[in-house]
Amino acid sequence: MPEAVPVAIVGGGPVGAALAIGLTGGGIDAVVLEARSGDTAVADPRPLALSYGSRLILERLEVWGALGPVTPIEEVHVSQRGGFGRVVMTAARAGLPALGYVIEYARLQSVLRRTLAERRVRTLHGVKVSAVRPEQDVTTVEYENAEGQGAVAARMVVVADGGTLRSEAARVSDYRQSAVVAMVKSELPHRNVAFERFTARGPIALLPHREELALIWSLETNTAQAWCAEPADVFLARLHCEFGARLGGFTSVGTRTSFPLSLKLGLASTPRTLYIGNASQTLHPVAGQGLNLGLRDAWELAGEVRDADAATIGGAAMLDAFQNRRRIDRRGGVGFTDGLVRVFSNDVTPLRLARGLGLTLLDAFPPAKDFLVRRMTFGARG
């Protein structure tokens, strides 16, 4: 087997690609193992909400400018159906050009993939990783592809794809929901406002995207599947009933798809192996924290590796230091999203009244709102 590379990255999605690009800035050789073939166009239509903090990371990686037009989120409006209280957060109040930005997953992934090629990051496409075997000084990643079997030896392996090598130690909490994703149009312009509407059926997120709105509606799984198949006018009437008239009526809806939702927590690390992004934590899409948390994982890990002596890469001291550095941010992101889902999923009247009071008090106390905005934008270090 050839000499071990410093870092092998399992998963070439946004988090794994961002890590690889960050390492090239420090002259660190990395190998990316990606399940998709190199000539397969990314066709994932899901909208992504990138925080302003994630924009700063992508700027430092020198990829932000290549993303083209993105839709800024200048205001976030949070409310609950059937109860009083609401919270409004604005970029102007936070002193930021935007609270976040909406872009398609396919566009982000395409730009990151092209950047990997431009920076000559060795990428193995169309591979299925079968095992990660730690040894004393290196870890071996075994894989299969169209040409047969192969292996890569690295001083450190980073698993950045939740669908690859899911740790047996993963803790799964099934929300028994699926997210319905679609593009919708409304009678009134969105004015760059994002809406988070909590209902008894599940949270509704509407994100401004060009002239339309990206809908992410969490529903009981059977309901989600059934409503995806309904005529457009019936679906839009349901959406209007649950969301309300802040945007007037809804006039059209594009292709509807759904995917199951659960909270998954894997191992933080094993000998010479780290788990980041979806491989470490897969979150409910409420509040849009999952990818932003993963990008912070990638950026901070790239910094740790760039600053380390070559002999210490992948060692227990490095892995422990990284886990300690990321622990508060990760736990905060998991607790925040999971807590929102559970607190706002119960429609008992006393709890609905308590939620309304909490929203009202939060909106009336600017320092608390500022704290929340900082944490959602920059993580625990905000």
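This text follows the structure it describes.
All values reported here derive from a predicted model rather than from experimental measurement.

A. The arrangement of the overall build of the chain in detail. A count of helical and extended segments in the chain gives ten helices and 20 strands. Once the C-alpha set of the chain is aligned to its principal axes, its extents read approximately 65 × 45 × 40 Å. Taken across its 382 residues, the chain has 52% of its residues classed as buried. A separation threshold of at least 6 residues defines the contact pool for the chain, and within that pool the share at least 24 residues apart is 72%. Accessible area of the chain: about 17000 Å², with a carbon and sulfur share of 52%. Side-chain charges of the chain comprise 43 positive and 38 negative groups, with the mean position of each set lying 5 Å from the other.

B. Region of the structure containing the packing of aromatic side chains. Tallied over the full model, the rule gives six aromatic pairs. Within the aromatic cluster, the residues linked to one another by ring pairs are F195, F243 and F250.

C. Just the side chain of T140, in detail. In this structure, T140 sits in strand 10 (residues 139-145). For T140, a relative accessible area of 7% gives the class buried. Here the side chain of T140 touches E135 through a polar contact of 3.0 Å, side chain to side chain.

D. The arrangement of the environment of V180 in detail. Relative to the elements of secondary structure, V180 occurs in strand 12 (residues 171-186). The class for V180 is buried, based on a relative accessible area of 0%. For the pair formed by V180 and P285, sequence separation is 105 residues and the distance between their alpha carbons is 11 Å.

E. How the structure looks around the sheet that holds strand 3 (residues 47-51). With antiparallel pairing, three strands are arranged side by side in an open sheet as 3-7-4. Strands at the two margins of the open sheet, each flanked by one partner only, are strand 3 and strand 4 (71-73). Between one strand axis and the next, the sheet turns through 30 degrees on average, direction left out of account. In the sheet, strand 3 pairs with strand 7 (residues 100-104) via five bridges, with the strands oriented antiparallel. Looking at the pairing, L50 lines up with Y101 of strand 7. Packing against the sheet, helix 2 (residues 52-60) makes contact with strand 3 and strand 7, and its axis sits at approximately 85 degrees to strand 3.

F. Summary view of the pairing of strand 14 (residues 204-209). By the criterion of burial, strand 14 is predominantly enclosed, with six of the six residues buried. A two-sided burial pattern is seen for strand 14, the buried positions comprising I204, L206 and P208 on one face and A205, L207 and H209 on the other. With three bridges joining them, strand 13 (residues 193-198) and strand 14 adopt antiparallel strand pairing. Across the sheet, R197 pairs through a bridge with I204, a residue of strand 14. Turn length for the strand 13-strand 14 hairpin, with the two strands adjacent in sequence and antiparallel, is five residues, and the turn residue G202 shows positive phi of about 150 degrees. Hairpin connection between strand 14 and strand 15 (residues 212-220): a loop of two residues separates the two successive antiparallel strands, and R210 in this loop has a positive phi of roughly 55 degrees.

What counts and what doesn't
Residues numbered from 1 in each chain as written. Predicted model: local features only at pLDDT ≥ 70, side-chain atom pairs only at ≥ 80, totals over all residues. Heavy atoms only, no water. Helix = DSSP H or I, 4+ residues; strand = E, 2+ residues; numbered from the N terminus. Buried < 20%, exposed > 50% of the residue type's maximum accessible area, 1.4 Å probe, protein only. Contact = heavy atoms within 4.5 Å. Areas by Shrake-Rupley, 256 points an atom, 1.4 Å probe, with all protein chains shown as cover. Lys, Arg positive; Asp, Glu negative; His and termini not counted. Charge placed at Lys NZ, Arg CZ, Asp CG, Glu CD. Phe/Tyr/Trp six-rings, centres within 6.5 Å; stacked < 30°, edge-to-face > 60°. Polar contact = N/O pair within 3.5 Å; in protein donor to acceptor, adjacent residues only side chain to side chain. Pairing = 2+ DSSP bridges. Axes fitted to C-alpha atoms, helices over the stretch in contact; angles between N-to-C directions.

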